[in-house]
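What follows is each chain in one-letter form.
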Amino acid sequence: MLISGGRGGAAAPFKVVTGHGAFVVPVFRKVQFLSLSLFESEVEEPCVTKQGIALTVRAVIAAKVGNDTESIVNAGQRFLSDQRQMPTLTGRIFAGHLRSIIGSMTVEEIITERQKLATEVLDGSKGEMAKMGLIVDALQIQNIDDGGLGYIRAMAAPHNARIQQQAQIAQANADQAAAEAQQQSLRQQAQYERDTAITQAGFAAETQAAQAKAAQAGPLSDAQAQQEVINAKTELAQRQASLREEQLVAEVIKPAEADAEKLRIMARAEAERTRIQAEAAASSNRVALDQALINQLPLIVEKAAQGLAGAKVTMLNGSDGLSDMISGLAAQGVAIFDTLRGEVGSDKPAQDLPSHSEPKGIAAKDDPAQGGDNQR
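**Student:** Describe empty space enclosed by the protein, with residues and values.
**Tutor:** Applying the stated criterion to the full structure yields one cavity of 30 Å³ or more. Put simply, the largest cavity is a space of about 40 Å³. In terms of lining, the largest cavity is formed by Val43, Ala59, Ile61, Phe94, Ala95, Leu98, Val121, Leu139 and Ile141. Looking at the lining of the largest cavity, the elements that each hand over two or more residues are strand E5 (54-65), helix H2 (85-102) and strand E6 (134-145). In terms of residue count, the dominant contributor to the lining of the largest cavity is H2 (three residues). When the residues that make up the lining of the largest cavity are grouped by side-chain class, the tally is nine nonpolar, no polar and no charged.

In structure tokens:
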């Protein structure tokens, strides 16, 4: 709100009220309003570059009245009566600065450095815009056209060709990668099909083996059952044979062995009895024989003494010699008795009786009638 009048000699022609109200005395004060909103201005200006090439540049400017009192007063003094002039005047100011700046640049710089162009245009118009109380929020270069000369297109041709070449290379690489991927996919598919076929063949083989095994399971079970029956029968037969053998041993062999042992014992007992009886008989006969010999011993001694009856005996030792002679005779009789007893007891043929030993201490002479003169 711009309030004017009633203050003669004031430095500012307006009293600026922003953001609140104010009391105004009618007749003495005049109130006018200035918009502080953003406005837009379009510029389409033919320009000539540093190279002499004509270009048509279209730009858009976004501007507004500044918020400070000075800017509001400057804008009020210029546009308060007709605020619609602000976009037109702003566009003309920027068109002049745009022609001036493009004339100092090449087409390549304008195409590649649009932001630099916009910045230089803003910097060149900032002072003039400030005098009018306006500030620029943005400047955008929308289009640059060479009017059909083909310069911009020709300038873009190498880059376009390079881009197309790169695009073709990229497309070729993509096609090659796609072909390789497709071949890899086909190989993987073939590998998968081969693995699947191998797996299926393995499953089929396992299935056939299982079926064959299942088909053989019945006969194998029967054969195993029959074998177990045969083994059981064989074991039973072996046990029966063993039992029969034990029975045979118990019923036949053991009794036979017992009978044989009984016969051997009886035979040994009989032999022993016979031996004892023989010994007893021999002992009885010996006793009888000894008794007979004892009974005949005096007769034997007598017969031995009779041999000395006709002999001439000389006693060498007196009475001792006589005693020795008697003892010798007795001893000779005993020796004869022992000899006869031994010969009879041994059942051997009787041997000639030993020669009679002469009694010790006796000297005998043969009878003269015998024709000798021997002494004993």
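Moving on from the coordinates now.
**Student:** Describe H2, listing the residues and the values that go with them.
**Tutor:** For H2, with 18 residues, the first-to-last C-alpha span of 26 Å sits near the 26 Å given by 1.5 Å per residue. Residues of H2 that are buried include every one of Met86, Thr90, Gly91, Ile93, Phe94, Ala95, His97, Leu98, Ile101 and Ile102, and no others. Looking at the packing, one finds that the buried side of H2 touches strand E4 (39-48), E5, helix H1 (69-79), helix H3 (107-112), helix H4 (114-131) and E6.

**Student:** Talk me through the environment of Ser104; I want residue IDs and the actual numbers.
**Tutor:** Looking at where Ser104 falls in the secondary structure, it is placed in the loop between H2 and H3. Residues Ser104 and Gln51 lie 53 residues apart in sequence; the distance between their C-alpha atoms is 9.0 Å. Apart from the residues within four sequence positions on either side, Ser104 is in contact with Lys50 and Glu109. Reaching out from Ser104, the side chain makes a polar contact with the backbone oxygen of Ile101 at a distance of 2.6 Å.

What counts, and at which threshold
Residues numbered from 1 in each chain as written. Predicted model: local features only at pLDDT ≥ 70, side-chain atom pairs only at ≥ 80, totals over all residues. Heavy atoms only, no water. 1 Å grid on protein atoms, 1.4 Å probe; cavity = no way out; pocket = protein on both sides within 12 Å on 5 of 7 lines; lining within 4 Å. Points joined across faces, edges and corners; volume = space filled by probe spheres on them. Helix = DSSP H or I, 4+ residues; strand = E, 2+ residues; numbered from the N terminus. Nonpolar A, V, L, I, M, F, W, Y, C, P; charged D, E, K, R; others polar. Expected span 1.5 Å × (residues − 1). Buried < 20%, exposed > 50% of the residue type's maximum accessible area, 1.4 Å probe, protein only. Contact = heavy atoms within 4.5 Å. Polar contact = N/O pair within 3.5 Å; in protein donor to acceptor, adjacent residues only side chain to side chain.

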